[in-house]
Structures are given as structure tokens and as C-alpha cells.
Amino acid sequence: KNQVEQSPQSLIILEGKNCTLQCNYTVSPFSNLRWYKQDTGRGPVSLTIMTFSENTKSNGRYTATLDADTKQSSLHITASQLSDSASYICVVSEMNDYKLSFGAGTTVTVRA
Amino acid sequence: KAGVTQTPRYLIKTRGQQVTLSCSPISGHRSVSWYQQTPGQGLQFLFEYFSETQRNKGNFPGRFSGRQFSNSRSEMNVSTLELGDSALYLCASSESGGAYYEQYFGPGTRLTVT
């Protein structure tokens, strides 16, 4: 069974600090990995999509890395802002298949 | 382009009733997927429709059904509601679905079953 595990489950950081979220997956064969940001009560919004040939992708203060060999990805948030408080979900898709495997998410709380 | 819209945004139903949720995808998108999101289970895939045909289905009971119209709008129906059906139901659209296409999510419908 394809699985996506995220850590930590939640974290609290001070405004202006950096943080890194982790995503480990067992999906195979791998197609792409996505990071979504979901604000409370809203639908997820895509931050990055990476295929197996991409190691790093940035979207503003968000930088995702991918190691397809070890099946690990991370999302780094630089100089956090209060608006970064949200749930971050890692989603992995299997090659030649539609179904997506979702992680449980990491809840980030940024405090002033 | 307008984003994905879902109606209604909030809904309260009684156990045993049925409910229909609606999703209008981004113009030009032909794939619509439905997800259930609960605090304990996270996001779970319900089904995907493409060109009025159900193309993929998750592991949900038959009480959950859906359909897609010729204009790509989609509806999801849940019959004989149970307390455990209380959740945020999200719809997502993409150009063609599949592993390579970006999905755009709607704001969701918050269903509460009492």
C-alpha cells in the first residue's frame, strides 16, 4: 500500500524564524510530489510540484527539496510570517495512475 | 479565470437524510475529483469524473455517489447520512486529470450531520 508520512505532526515557531517539514513516501513507481498549503476552513493551494528529475523548487519563501532515491522530501519556510500559519500537505502521485496519496499534514503555527 | 466553486458552503443535515453537493470546475477543465477531509483521517479520495464518466473511485461505501454533466459541473450525493459523514468535502478540477496535471481545489462544503 502506498503511503505518505509527514513529520512533525505540528510545530510552533516565532515570526521571522525558519522551519523545515518532512515527507517520506513509499509510492512506486513515482511520478511527482506536491506540497499544498491549506488555511483553516479553505481548500488546499498548490505550492510546488516536483518530478523525479527535480531536486529543488522554490515558490517565494517556500523551498521544496526532493530525493527520489531515498523517497524523501522537505519543505523549508524562510523568514516565517503570521500568514504561514496553516496545514501543509504532501501529496505523491504514482506514474501512469491517477490516484494521489496524501500525507496527514503538518500544522504550522507562527506566533508573533 | 474564475476558480473552482462549491455550493453550498455550509450544510447541516440530520442522520438518515441525504445530501447533494455541487462543484463547478475552472472553465476548460474536464476532470473533477471529490475528497473528504476529517481531522482524524486527513484528505481521502472519493472519486474522479472525466467527460461525464467516473474514471476512478476510492474506498467509500455505495452511499457516496456522484455524476458529472456535459458542462463538466459535478454533483456528489450522500444517502442515508451517518454522524461519521460530518466532514469538509472538497472538489478539485484539472485540465485532464492524471498524475501530471495540477489540481485546483475549491473552498469546500462543510457538512455537519446531527
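Quick note: structure is the one above.
Since the model is a prediction, treat every value here as computed from it, not as a measurement.

1. Thoughts on unusual backbone geometry
Turning to step 1, where the next piece is worked out: For the bond from A:Ser28 to A:Pro29, the omega torsion is -5°, close enough to zero to count as cis.
Turning to step 2, where the next piece is worked out: Among the structural elements, A:Pro29 can be located in the loop between strand 3 (19-25) and strand 4 (30-38).
Turning to step 3, where the next piece is worked out: Looking along the chain, the bond that leaves B:Thr7 and enters B:Pro8 is cis, with omega of -10°.
Turning to step 4, where the next piece is worked out: With respect to the helices, strands and loops of the structure, B:Pro8 is situated in the loop between strand 1 (5-7) and strand 2 (10-13).
Turning to step 5, where the next piece is worked out: Of note in the backbone geometry, A:Ala79 takes a positive phi value of approximately 50° without being a glycine.
Turning to step 6, where the next piece is worked out: By the secondary structure assignment, A:Ala79 is in the loop between strand 8 (72-77) and strand 9 (86-94).
Turning to step 7, where the next piece is worked out: One non-glycine residue, B:Glu52, lies in positive phi territory at about 70°.
Turning to step 8, where the next piece is worked out: Within the secondary structure, B:Glu52 sits in the loop between strand 5 (42-50) and strand 6 (53-57).

2. Description of the nonpolar core
Turning to step 1, where the next piece is worked out: Counting residues in hydrophobic clusters, the biggest one holds 24 residues, and the most contacted among them are A:Leu21, A:Tyr25, A:Leu33, A:Trp35, A:Leu75, A:Tyr88 and A:Val92.
Turning to step 2, where the next piece is worked out: Only strand 2 (10-14), strand 3, strand 4, strand 5 (45-51), strand 7 (62-67), strand 8, strand 9 and strand 11 (106-111) of chain A provide two or more residues apiece to this core.
Turning to step 3, where the next piece is worked out: In this view, A:Leu21 contacts A:Ser7, A:Leu11, A:Trp35, A:Ser73, A:Ser74, A:Leu75, A:Tyr88, A:Thr106 and A:Val108; residues no more than four positions away in its chain are not counted.
Turning to step 4, where the next piece is worked out: Counting residues in hydrophobic clusters, the runner-up holds 21 residues, among them B:Val19, B:Ile26, B:Val32 and B:Tyr49.

3. Side note on the environment of A:Ile89
Turning to step 1, where the next piece is worked out: You can see A:Ile89 is positioned in strand 9.
Turning to step 2, where the next piece is worked out: Given a relative accessible area of 4%, A:Ile89 falls into the buried group.
Turning to step 3, where the next piece is worked out: Between the C-alpha atom of A:Ile89 and that of A:Phe102, which follows or precedes it by 13 residues, the distance is 7.1 Å.
Turning to step 4, where the next piece is worked out: Discounting residues that sit within four places of it in the chain, A:Ile89 has contacts with A:Gln6, A:Arg34, A:Trp35, A:Tyr36, A:Gln38, A:Phe102, A:Gly103, A:Gly105, B:Gln37 and B:Leu43.

Quick notes on the rules
Residues numbered from 1 in each chain as written. Chains lettered and ligands numbered in written order. Predicted model: local features only at pLDDT ≥ 70, side-chain atom pairs only at ≥ 80, totals over all residues. Heavy atoms only, no water. Helix = DSSP H or I, 4+ residues; strand = E, 2+ residues; numbered from the N terminus. Core = buried A, V, L, I, M, F, W, Y, C linked by side-chain atoms within 4.5 Å. Buried < 20%, exposed > 50% of the residue type's maximum accessible area, 1.4 Å probe, protein only. Contact = heavy atoms within 4.5 Å.

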